[in-house]
Amino acid sequence: MIELKNIGVTFQQNKKDFQAVKNVNLTIEEGEIFGIVGPSGAGKSTLVRVINLLQPPTSGQVLIEGNEITSLKRKELCKVRLDIGMIFQHFNLISGSTIAENVAFALHANHYPKEKIQGRVKELLEMVHLPEKADSYPANLSGGQKQRVAIARALANDPKILLCDEATSALDLENTEEIVALLKEINEKYHITIVFITHEMEVAKKLFDRIAFMENGEIKEVRDIYSAFAEPREEITKSLVERVLNVGVPDEVKLSEEEELVKLCYTGEKAYASVISQVSKQFDVVIDIINGKIDYIHKKPLGVLIVILRGGKEEREKALRYMKENVYRVEKLEGGR
Ligand SMILES: Nc1ncnc2c1ncn2[C@@H]1O[C@H](COP(=O)(O)OP(=O)(O)OP(=O)(O)O)[C@@H](O)[C@H]1O
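So, how was this worked out
Residues numbered from 1 in each chain as written. Predicted model: local features only at pLDDT ≥ 70, side-chain atom pairs only at ≥ 80, totals over all residues. Heavy atoms only, no water. Near = heavy atom within 4 Å. Polar contact = N/O pair within 3.5 Å; in protein donor to acceptor, adjacent residues only side chain to side chain. Helix = DSSP H or I, 4+ residues; strand = E, 2+ residues; numbered from the N terminus. Nonpolar A, V, L, I, M, F, W, Y, C, P; charged D, E, K, R; others polar. Contact = heavy atoms within 4.5 Å. Buried < 20%, exposed > 50% of the residue type's maximum accessible area, 1.4 Å probe, protein only. Pairing = 2+ DSSP bridges. Domains from an automatic or database assignment. Buried area = accessible area lost by both parts, 1.4 Å probe. Salt bridge = Lys/Arg side-chain N within 4 Å of Asp/Glu carboxyl O. Axes fitted to C-alpha atoms, helices over the stretch in contact; angles between N-to-C directions.

Taken together, 13 residues sit near the ligand, with Gln13, Ser40, Gly41, Ser45 and Thr46 positioned nearest. Take glutamine 13: an N or O atom from its side chain is 2.9 Å from a nitrogen atom of the ligand. Within the backbone of glycine 41, one N or O atom sits 2.8 Å away from an oxygen atom of the ligand. Contributions of two or more residues to the shell around the ligand are made by strand 1 (2–13), strand 2 (16–28) and helix 1 (44–51). Take the shell around the ligand: its biggest share by element is 3 residues, from helix 1. Here the residues of the shell around the ligand sort into 5 nonpolar, 6 polar and 2 charged.

What follows is the structure in structure tokens.
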């Protein structure tokens, strides 16, 4: 378990104090894939680097499995760091060394028994499905393959935690999916806790178990990934989530007095089709579907539908009440006037 208690990080910028991280309290459970998202400059990288003290906090404490590491001496800290692997956006491989040498580097650094290094490198390259690239050089690998080598190197000393700083942000869609799948596999097989920061909500949706939304150095909301998408609470959460669900109101929509725009969110347990046909049957209203999307988060469906509800005010209110009882969330939308 990782515990961050009252973490603050202050930098000097133009001779003035700048608080990049403000009083963050966060607990990350063992074995989970925990994500931190937020706009550029939110403080994500700074916060994730606090976990292994690459960035010492100005205030607060970091506890790893109950042990306070912020006050450790250098030598003890080095030991704790072995339990925390890290990967970065730009892979940080040594270009003049082979893939096997790149991975072996982490073992040498930890005084791994020399005679066992070759075998361990082979094992690590198999873990990331790259055994055939042992003698190649980084320049001859794709971005996704380079990140897999970086993962092998980060896992060399059997860490319990893997920190990932924008690990898919330099990759195209195909390579991103490959890395997301590999990280999931590693998390499941070896029960490694993963802390992943990104600004890519598509990655968040596919990879994370829980998600923290960060803005201006503060954690605004921490949720399980499904409910963050189904029922975002804070403004920052709503704006990031809506980018993925991306179901807007077309500009052409113009509403009359008797019409209003309504957004329905449904979770699959409550099928919208029957709700819509029931509403049309039971109340003196007409429903036109103008936009919609269904998404799957951890294999659970999440649907969003935008409709125009047409009818007298009273009947519309009755229809809305019925919909509220029968779908996950109903929202009246501005626009179209
Ligand atoms: N060493 C430093 N000295 C001064 N200011 C810094 C330093 N490191 C980061 N900052 C500032 O702290 C703020 C947070 O930076 P950080 O890199 O943590 O944000 P981020 O959310 O990871 O953004 P991005 O997604 O763009 O990487 C930024 O305003 C940045 O300029």
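Position of phenylalanine 213 relative to the elements: it lies in strand 9 (residues 210–215). Residues phenylalanine 213 and alanine 228 lie 15 residues apart in sequence; the distance between their C-alpha atoms is 9.5 Å. Not counting chain neighbours up to four residues away, the residues in contact with phenylalanine 213 comprise Val37, Met201, Glu218, Ile219, Lys220, Glu221, Ala228, Ile236, Thr237, Leu240 and Val241.

Both faces of the sheet carry side chains from a regular strand, because those side chains alternate between them. Counted residue by residue, strand 3 (residues 33–37) has 5 buried out of 5 residues, so it is predominantly covered. Here strand 3 shows two buried faces, one formed by Ile33, Gly35 and Val37 and the other by Phe34 and Ile36. As defined by bridge partners, strand 3 adjoins strand 8 (residues 193–198) across 5 bridges and the pair is classed as parallel. Bridging from a neighbouring strand, isoleucine 33 pairs with isoleucine 194 of strand 8.

Interfaces are often sized by the accessible area lost when the parts come together. One can read the domain layout of the protein as domain 1 (2–243) and domain 2 (259–333). Taking only C-alpha atoms, the centre of domain 1 and the centre of domain 2 are 40 Å apart. Facing the 11 residues of domain 1 at the interface are 11 residues of domain 2. In total, domain 1 and domain 2 occlude about 960 Å² of area from one another, counting both sides; carbon and sulfur atoms represent 57% of this. The three residues of domain 1 that bury the most area against domain 2 are Lys205, Tyr226 and Ala230, which together make up 62% of that side's buried surface. Where domain 1 meets domain 2, there are 1 salt bridge.

Structurally, serine 169 can be placed in the loop between strand 7 (161–165) and helix 6 (173–190). A distance of 2.4 Å separates a polar atom in the side chain of serine 169 from a polar atom in the side chain of glutamate 166. With residues near it in sequence (within four places) discarded, serine 169 still touches Gln89, Thr198, His199 and Glu200.

Moving on to the sheet that holds strand 1. With antiparallel pairing, the 4 strands of this open sheet are ordered in space as 2-1-4-5. Edge positions in the sheet fall to strand 2 and strand 5 (67–68), since each of these pairs with one other strand and no more. Together, strand 1, strand 2 and strand 4 (59–64) form the strand contacts of helix 1, whose direction differs from that of strand 1 by roughly 125 degrees.

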